[in-house]
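Residue strings, one per chain:
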Amino acid sequence: MKKILVTLVAATCAFSASSFAAPAKSEKQAAAATQFRQALLQLVRSNVGALGGMAKGAIPMDAEKIKTNSMRIEQLSLMMDDYFAIDTRKFDVETEALPEVWENYSDFQSKIEDMTAAAKALNKAAVEGNEGQFKAKIGAVLKSCKGCHDKYKAE
């Protein structure tokens, strides 16, 4: 019984820790956290751009590029929680991240999960060569980006 109780308490703590961001302890830490997350998001942007062009018909669909970019987006999305886990609101850092990121962190995390799932589904379609699904799956990735931007990014 004692082991079960200890396991439940540990699991609850682990879950709670993953649902909340820790406040930055200094201006330096806040600035570094902001710099790292902005770099991560620039990488996401660089990989989403070509996909958006394909979805709009501005550039031809390219299964190899879709495979590469969707895999990268998936991997980058898996890092997002780490790079947003430091709440920088108390410090004067230049950021487009709205305070709502940390006020509703569990919802923000769900948006990250949406991006991961959309990128994974796009990659699967590209690996399978399912060209009929490319546009819709790219649309789902773009929708996951927009879902986060609409609530959590200053424009």
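All of these numbers come straight from a predicted model, not from anything done at the bench.

Draft legend 1. A look at the overall build of the protein chain. Check the secondary structure of the protein chain and you find six helices and two strands. Written out in order from the N terminus, the α and β elements of the protein chain read α-β-α-α-β-α-α-α. If you take every contact in the protein chain between residues at least 6 apart in sequence, the share linking residues at least 24 apart comes to 76%. By element, 59% of the accessible surface of the protein chain is carried by carbon and sulfur atoms, the whole surface being about 9600 Å².

Draft legend 2. Here's a closer look at the confidence of the model for the protein chain. Here the protein chain averages 90 in pLDDT, and 88% of its residues register 70 or above. Contacts from residues 4-18, a stretch scored under 50 in pLDDT, to residues over four places away or in other chains number three contacts.

Draft legend 3. Here's a closer look at the nonpolar core. Ile66, Ile73, Phe84, Val101, Phe108 and Ile138 are the most contacted members of the largest nonpolar core, which totals 29 residues. For this core, the secondary structure elements donating two or more residues are helix H2 (27-56), helix H3 (63-84), helix H4 (100-103), helix H5 (105-127) and helix H6 (131-152). With nine residues, H5 is the single largest residue contributor to this core. Residues within four places of Ile66 in sequence aside, it is in contact with Leu51, Met54, Met61, Leu122, Ala126, Phe134 and Ile138.

Draft legend 4. Spotlight on the packing of aromatic side chains. What the rule picks out here adds up to five aromatic pairs. Relative to Tyr152, the ring of Phe108 lies with its centre 5.4 Å away and its plane at 85 degrees, an arrangement referred to as edge-to-face. Of this pair, Phe108 sits in helix H5 while Tyr152 is found in helix H6, placing the two residues 44 residues apart along the sequence. Each member of the pair, Phe108 as well as Tyr152, is classed as buried. Chaining the aromatic ring pairs together yields one cluster made of Phe84, Trp102, Tyr105, Phe108 and Tyr152.

Draft legend 5. Just the state of the cysteines, in detail. Enumeration over the complete set of coordinates arrives at zero disulfides. Of all cysteine sulfurs in the structure, the one in Cys148 sits closest to Cys145, which takes part in no disulfide; the separation is 8.4 Å. What makes Cys148 buried here is its relative accessible area of 17%.

Draft legend 6. Quick look at H2. If you check H2, its first and last C-alpha atoms are 42 Å apart, about what 30 residues at 1.5 Å a residue would give, namely 44 Å. In H2, a bend of some 25 degrees at Val48 exceeds every other bend along the element. Immediately downstream of H2, the backbone of Gly57 shows phi near 80 degrees, a positive value.

Rules and cut-offs
Residues numbered from 1 in each chain as written. Predicted model: local features only at pLDDT ≥ 70, side-chain atom pairs only at ≥ 80, totals over all residues. Heavy atoms only, no water. Helix = DSSP H or I, 4+ residues; strand = E, 2+ residues; numbered from the N terminus. Contact = heavy atoms within 4.5 Å. Areas by Shrake-Rupley, 256 points an atom, 1.4 Å probe, with all protein chains shown as cover. pLDDT = per-residue confidence, 0-100. Core = buried A, V, L, I, M, F, W, Y, C linked by side-chain atoms within 4.5 Å. Buried < 20%, exposed > 50% of the residue type's maximum accessible area, 1.4 Å probe, protein only. Phe/Tyr/Trp six-rings, centres within 6.5 Å; stacked < 30°, edge-to-face > 60°. Disulfide = S-S within 2.5 Å. Expected span 1.5 Å × (residues − 1). Bend = angle between axes of the 7 residues up to and from the residue.

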